[in-house]
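Read off the chains here:
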Amino acid sequence: MKQLFGEPYNLEETIIGIIVKENRAFLRRKDYVLVTDQIDIKGKYKAIITGHKLLSEQQGVSGVSNTDELNNGDIVTIDSSGVINVVYEKGSKHNAIFITGRCNSNCIMCSQPPVKKEADRFKLNIEYIRLLPKQTESIGLTGGEPTVIGEQLFGIIKEIKKRQPEIHINILSNGIKFKDKKYAYDYASCINERTVIEIPLYCDIDHIHNNIVGTKTFYDTIKGIYNLASYNVKIGIRVVVMKHNYKRLANIAEFIYSNMPFVYQIAFMQMEPTGHAINNINELWIDPYDYNEQLEKAVLILHYRDMHVSIYNSQLCILPEKIRRFAVKSISEWKNIYVQKCELCNIKSECPGFFASSEKFHSRKIQPVMNN
């Protein structure tokens, strides 16, 4: 998520509020974080963010140089060290609730390596849900691994449904916890038909999947998927492609079709080169152009059998024309970039582009498409 930094002032715990850049009436300030260069602000905002110094009685962050990156309606958390996290970007289709930084896996290419300890985020997330704009179309639940907070996850889902009955919820989970049939049942009992859970399956061979996730949990994940399916939960399968598994993409597609014909959607994903991925890049990296043959075969195996398949995080110019239509804009706006070569491309507006962390680490075959 987008982050800004400054000097904390009178902040003892993490707070959350809605960004506003104009002064509001005194009685309508309690949920708002004011961004201003004005010094003598009277009345109680949740916090003030400014490029200048704050007065002794004020609470907020001073010396923030890039306040123009904040927009009216964004939702931010501000912690006691002065870090401002933009947890909700107005107008974005990729907003999410960060459930926890902890995880019961340790994937070799994890873009956000897990933490061992953290403050309980439950109350903060309940407050986040209260602040969401009415009629928000969709929200993700992510981590870490959301299920490590146990039944608190159900409390968060129920709160979302209570305040936003029509919202679409997309949950990213490794699926391991759902090997517990009661937990799977309790989860299924608190969601509705607008909720999809996305579970990674990195290979059809157990030890390859286990090597990628860092735990011997291939069969736990499979059992979790089956338990969820037995309660008619909408399930997506995600396959991040790397050196470890690219040769088996067609086998993975066959495995999913043969053993999980009930899944709602399948996505093949280009790796995000940050976190563990960049630390292990020599072990993991294969130029995406070099697995096109395997990717095309896997995508078409599923497509020709009427399964909903997509390609995430890939640039159109390196994909075979036959499977370009499966590419989806899936990168969050705040970290979605295009490189200099893209400026001349005729299909740039349709292209998913790159992760910001891919600016120096992308396919050698990137080139502008001039003839479409």
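Conventions and cut-offs
- Residues numbered from 1 in each chain as written.
- Predicted model: local features only at pLDDT ≥ 70, side-chain atom pairs only at ≥ 80, totals over all residues.
- Heavy atoms only, no water.
- UniProt positions renumbered as here; feature names shortened; annotations may be inferred.
- Axes fitted to C-alpha atoms, helices over the stretch in contact; angles between N-to-C directions.
- Helix = DSSP H or I, 4+ residues; strand = E, 2+ residues; numbered from the N terminus.
- Parallel < 35°, antiparallel > 145°, perpendicular 65-115°, else oblique.
- Left-handed = near helix turned anticlockwise from the far one by under 90°.
- Contact = heavy atoms within 4.5 Å.
- Nonpolar A, V, L, I, M, F, W, Y, C, P; charged D, E, K, R; others polar.
- 1 Å grid on protein atoms, 1.4 Å probe; cavity = no way out; pocket = protein on both sides within 12 Å on 5 of 7 lines; lining within 4 Å.
- Points joined across faces, edges and corners; volume = space filled by probe spheres on them.
- Pairing = 2+ DSSP bridges.
- Expected span 1.5 Å × (residues − 1).
- Buried < 20%, exposed > 50% of the residue type's maximum accessible area, 1.4 Å probe, protein only.
- Disulfide = S-S within 2.5 Å.

For the protein chain, an unreviewed UniProt entry supplies the name His-Xaa-Ser system radical SAM maturase HxsC and the organism Natronogracilivirga saccharolytica. Per its UniProt entry, the protein chain bears the Cofactor (unreviewed entry) comment "[4Fe-4S] cluster".

A. A look at the packing of helix H1 (residues 122-131) against helix H2 (residues 152-163). Two elements in contact, H1 and H2, have axes whose closest approach is 10 Å; the angle formed by their N-to-C orientations is 15°. With respect to their mutual orientation, H1 and H2 come out roughly parallel. Here H1 and H2 pass one another in a crossing that is right-handed. Of H2, the residues touching H1 (which contributes Phe122, Asn125, Ile126, Ile129 and Arg130) are Gln152, Gly155, Ile156, Glu159, Ile160 and Arg163. Residue classes in the contact of H1 with H2 are distributed as five nonpolar, three polar and three charged.

B. Focus on empty space enclosed by the protein. For the structure shown, the criterion picks out four cavities of 30 Å³ or more. As a volume, the largest cavity reaches approximately 90 Å³. Along its surface, the largest cavity is lined by 15 residues, and Cys317, Cys342, Cys345, Cys351 and Gln367 are the ones closest to its centre. Across the lining of the largest cavity, the residue classes break down as 11 nonpolar, two polar and two charged. Of the volumes computed, that of the second largest cavity is approximately 60 Å³. Going through the elements one at a time, strand E14 (265-270), helix H9 (292-303) and strand E15 (309-312) are the ones with two or more residues in the lining of the second largest cavity. Residue contributions to the lining of the second largest cavity peak at three residues, all from E14.

C. Geometry of the sheet that holds strand E4 (residues 32-35). Overall, mixed pairing links the eight strands, which are arranged E1-E8-E7-E3-E4-E5-E6-E2 in an open sheet. Since the sheet does not close on itself, it has two edges, and those belong to strand E1 (3-5) and strand E2 (7-9), each with one partner. Each strand axis lies, on average, 35° off the axis of its neighbour in the sheet, ignoring direction. Where strand E3 (residues 15-20) and E4 come together, three bridges link them in parallel fashion. In the strand pairing of E4, Ile18 is matched with Tyr32. Its contacts with the sheet put H1 on E3, strand E7 (75-78) and strand E8 (83-88), and the angle it makes with E3 is roughly 25°.

D. The packing of helix H6 (residues 249-259) against H9, seen in detail. Look at H6 against H9: their axes get within 7 Å of each other, and the N-to-C directions meet at 15°. In terms of orientation, H6 lies roughly parallel with respect to H9. At the point where H6 passes H9, the crossing takes the right-handed sense. Contact residues: Leu249, Ala250, Ala253, Glu254 and Tyr257 in H6; Gln294, Leu295, Lys297, Ala298, Ile301 and Leu302 in H9. Class assignment of the residues belonging to the contact of H6 with H9 gives a composition of eight nonpolar, one polar and two charged.

E. The arrangement of H2 in detail. With 12 residues, H2 ought to run about 16 Å at 1.5 Å a step, and its terminal C-alpha atoms sit 17 Å apart, in line with that. Taken as a whole, H2 has its buried residues at Leu153, Phe154, Ile156, Ile157, Glu159 and Ile160. Each element contacted by the buried residues of H2 is listed here: strand E9 (96-100), H1, strand E10 (138-143), strand E11 (168-172) and helix H3 (181-190).

F. Local environment of the sheet that holds strand E16 (residues 327-328). Taken together, the eight strands give an open sheet; going across it, the order is E9-E10-E11-E12-E13-E14-E15-E16, and neighbouring strands pair in parallel fashion. Whereas interior strands pair on both sides, the edge strands pair on one side only; in this sheet they are E9 and E16.

G. Examining the state of the cysteines more closely. Enumeration over the complete set of coordinates arrives at zero disulfides. Residue Cys190 stays outside any disulfide, its sulfur separated by 20 Å from that of Cys103, the closest cysteine. Free of any disulfide, Cys203 has its nearest neighbouring cysteine sulfur in Cys107, separated by 14 Å. Overall, the relative accessible area of 0% leaves Cys203 in the buried class.

H. Local environment of the side chain of Thr195. Within the secondary structure, Thr195 is located in strand E12 (residues 195-200). Judged by relative accessible area, which is 1%, Thr195 ranks as buried. The contacts of Thr195, once residues within four sequence positions are left out, are Ile169, Ile171, Tyr187 and Lys234.

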